[in-house]
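A closer look at the structure
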Amino acid sequence: MKDVLFHLKQQTDICRFQANLAKWYQVHHRKLPWRESHDPYRIWISEVMLQQTQVKTVIPYFLNFIDHFPTLQDLAESDLGTVLKMWEGLGYYARARNFHKAAAIITNDLNGAIPDDFYQFKKLPGVGDYIGAAVQSIAFGHPFAVVDGNVKRVLARLYCIKYPVNKPSSHKQFKDYADSLLDKNEPRTFNQAMMELGALLCTPRNPQCNTCPVSEFCKAVLSDKVNAFPRRVRAKKVPTYHIAAGIVRKNGKILITRRKLEGLLGGLWEFPGGKLKKHEDASSACIRELQEETGITTQIESHLTTIHHAYTHFKIQMDIFYCRYISGRIHLTGPIDFKWIRLKDIDTFAFPKANLKFIPMIEEEQ
């Protein structure tokens, strides 16, 4: 690679870098539940959960998931609703849906064995370059460099890389640098050490360069430019959508609907509703959306609350109303299923986090 610069351009330097990093990792790495074995199933679960999610958030979900689905076959034989319930609140639900699909494929078509071939593994739903490299290197010891946000930050400072870390077109540049540094004899240790270095020392703010085991190789440290890297492109302003949803009550039960299996929050249950139209007030939008989505006529009884929630690319302001059922039979347009449930049974269904914010406020119909 033409633009590999500074100290790490000789094999002897790279070997010293690898040795220093590995020695630091063996002493300072965190004791995490998925590091207790090289079981590819557990490693795969952890890596799927860790995408876009912090370690401290993942740990209880990982332990609960393993408790409910101790083997890949247990996962494959479970229905999607149960899997989504175990994932509830973790977000990015396509991860759970794809993992469930992949488990079924492995169980039904691959004799229950997770492929130890990178290219065969990558054919499974939800397995991209990152998941593929992480599982294949950490579980099976295959020489594939992992490139996540932590690794990009380390590399950006190590080489003073000018490519923005959050621009997809830059990924290949970071991948090339990671490949050039990879310890092919110990890829399992190297990849975990690079990610751990970014998580514990080479942090976005206030990196601990004075205790970094590889600072002697870092171009940003040696040129006093640590705070200039990594570079990022400015994110676009996130839009906010105003939404109205209704808690429809009828004969001691409430109405919930299920979203389509694909797309945002796919397969989750929710209280029906939707976006306000221009110049429309929230209560009118609630009645209209309930009619359009379910075919029933309702009447607003009272306003329960307003909640705010942020997704990756947009935010919502959601007004929640108690609604009284008036007439009509359920005829769905959009949702794929519905149920009239008793409030005491609501915890058996998986809901989006925005719904979870107001569900504890719901009271039984008097």
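Let me begin by describing the structure that accompanies this report. (Residues numbered from 1 in each chain as written. Predicted model: local features only at pLDDT ≥ 70, side-chain atom pairs only at ≥ 80, totals over all residues. Heavy atoms only, no water.)

1. What about the pairing of strand E5 (residues 297–310)?
Where E5 and strand E6 (residues 315–327) come together, 12 bridges link them in antiparallel fashion. Counted as the bridge partner of Ser302 is Tyr322 from E6. Counted between consecutive antiparallel strands, the loop separating E5 from E6 contains four residues. (Pairing = 2+ DSSP bridges. Helix = DSSP H or I, 4+ residues; strand = E, 2+ residues; numbered from the N terminus.)

2. Overview of helix H11 (residues 187–200)
Over its 14 residues, H11 extends 20 Å from the first C-alpha to the last, a length consistent with the 20 Å expected when each residue adds 1.5 Å. Among the 14 residues of H11, 11 are classified as buried, and the element is accordingly described as predominantly covered. Within H11, burial applies to Pro187, Thr189, Phe190, Asn191, Gln192, Ala193, Met194, Met195, Glu196, Leu197 and Gly198. Tucked into the core, H11 has its buried residues touching helix H1 (11–28), helix H2 (40–50), helix H8 (129–140), helix H9 (149–159) and helix H10 (171–181). (Expected span 1.5 Å × (residues − 1). Buried < 20%, exposed > 50% of the residue type's maximum accessible area, 1.4 Å probe, protein only. Contact = heavy atoms within 4.5 Å.)

3. Notes on the packing of aromatic side chains
Between two aromatic rings, the relevant description is the distance of the centres plus the angle of the planes. Taken as a whole and judged by the stated rule, the model has 17 aromatic pairs. Note on Trp34 and Phe62: the rings are 5.2 Å apart at their centroids and 75 degrees apart in plane angle, and the pair reads as edge-to-face. Here Trp34 is found in the loop between H1 and H2, whereas its partner Phe62 is found in helix H3 (residues 55–68), with 28 residues between them in sequence. A relative accessible area of 1% means that Phe62 is categorised as buried. The interplanar angle of 55 degrees and the centroid separation of 5.6 Å between the aromatic rings of Phe271 and Phe358 together place this pair among those described as tilted. (Phe/Tyr/Trp six-rings, centres within 6.5 Å; stacked < 30°, edge-to-face > 60°.)

4. Examining the packing of H2 against H3
With their axes 10 Å apart at the nearest point, H2 and H3 run at an angle of 140 degrees to one another. Put simply, H2 runs oblique to H3. H2 and H3 meet at a crossing whose hand is right-handed. Residues Tyr41, Arg42, Ile45, Ser46, Met49 and Leu50 of H2 form the contact with H3, whose own contacting residues are Val55, Val58, Tyr61, Phe62, Phe65 and Ile66. When grouped by side-chain class, the residues that make up the contact of H2 with H3 number 10 nonpolar, one polar and one charged. (Axes fitted to C-alpha atoms, helices over the stretch in contact; angles between N-to-C directions. Parallel < 35°, antiparallel > 145°, perpendicular 65-115°, else oblique. Left-handed = near helix turned anticlockwise from the far one by under 90°. Nonpolar A, V, L, I, M, F, W, Y, C, P; charged D, E, K, R; others polar.)

5. As for the pattern of salt bridges
Throughout the structure, instances matching the rule amount to 16 salt bridges. Between Glu289 and Arg288 there is a salt bridge, with its nearest N and O atoms 3.1 Å apart. The buried category is assigned to Arg288, whose relative accessible area is 16%. One network of salt bridges, in which partners are shared, links Glu280, Arg288, Glu289 and Glu292. (Salt bridge = Lys/Arg side-chain N within 4 Å of Asp/Glu carboxyl O.)

6. Thoughts on the environment of Ala96
Tracing the sequence through the fold places Ala96 in helix H6 (residues 94–109). Using a relative accessible area of 1% as the deciding quantity, one classes Ala96 as buried. Distance from Ala96 to Asn206, taken between C-alpha atoms, is 34 Å for residues 110 residues apart in sequence.

7. Description of the environment of Pro213
Mapped onto the secondary structure, Pro213 falls in the loop between H11 and helix H12 (219–222). Overall, Pro213 belongs to the buried group, its relative accessible area being 17%. Here the alpha-carbon distance between Pro213 and Phe17, two residues 196 residues apart in the chain, equals 8.4 Å. In this structure, Pro213 is in contact with Asn20, Trp24, Leu197 and Leu201, ignoring residues within four places of it in sequence.

8. Let's talk about the side chain of Asn191
Relative to the helices and strands, Asn191 resides in helix H11. A distance of 2.9 Å separates the side chain of Asn191 from the side chain of Ser137, its partner in a polar contact. From its side chain, Asn191 meets the backbone nitrogen of Val146 in a polar contact 3.1 Å long. In contact with Asn191, not counting residues within four places along its chain, are Ser137, Phe144, Ala145, Val146 and Leu182. (Polar contact = N/O pair within 3.5 Å; in protein donor to acceptor, adjacent residues only side chain to side chain.)

9. Notes on the pairing of E6
Direction of pairing for strand E1 (residues 240–250) relative to E6: parallel, over a ladder of 10 bridges. Counterpart to Ala245 in the pairing with E6 is Ile320.

10. Looking at unusual backbone geometry
Residue Pro230 follows Phe229 across a cis peptide bond; omega there is 0 degrees. Mapped onto the fold, Pro230 is located in the loop between H12 and E1. Backbone geometry places Leu265, a non-glycine residue, at a positive phi of 60 degrees. Along the chain, the position of Leu265 falls in the loop between strand E2 (253–258) and strand E3 (269–270). Overall, the relative accessible area of 11% leaves Leu265 in the buried class.

Purely spatial values, then, with no claim about function.
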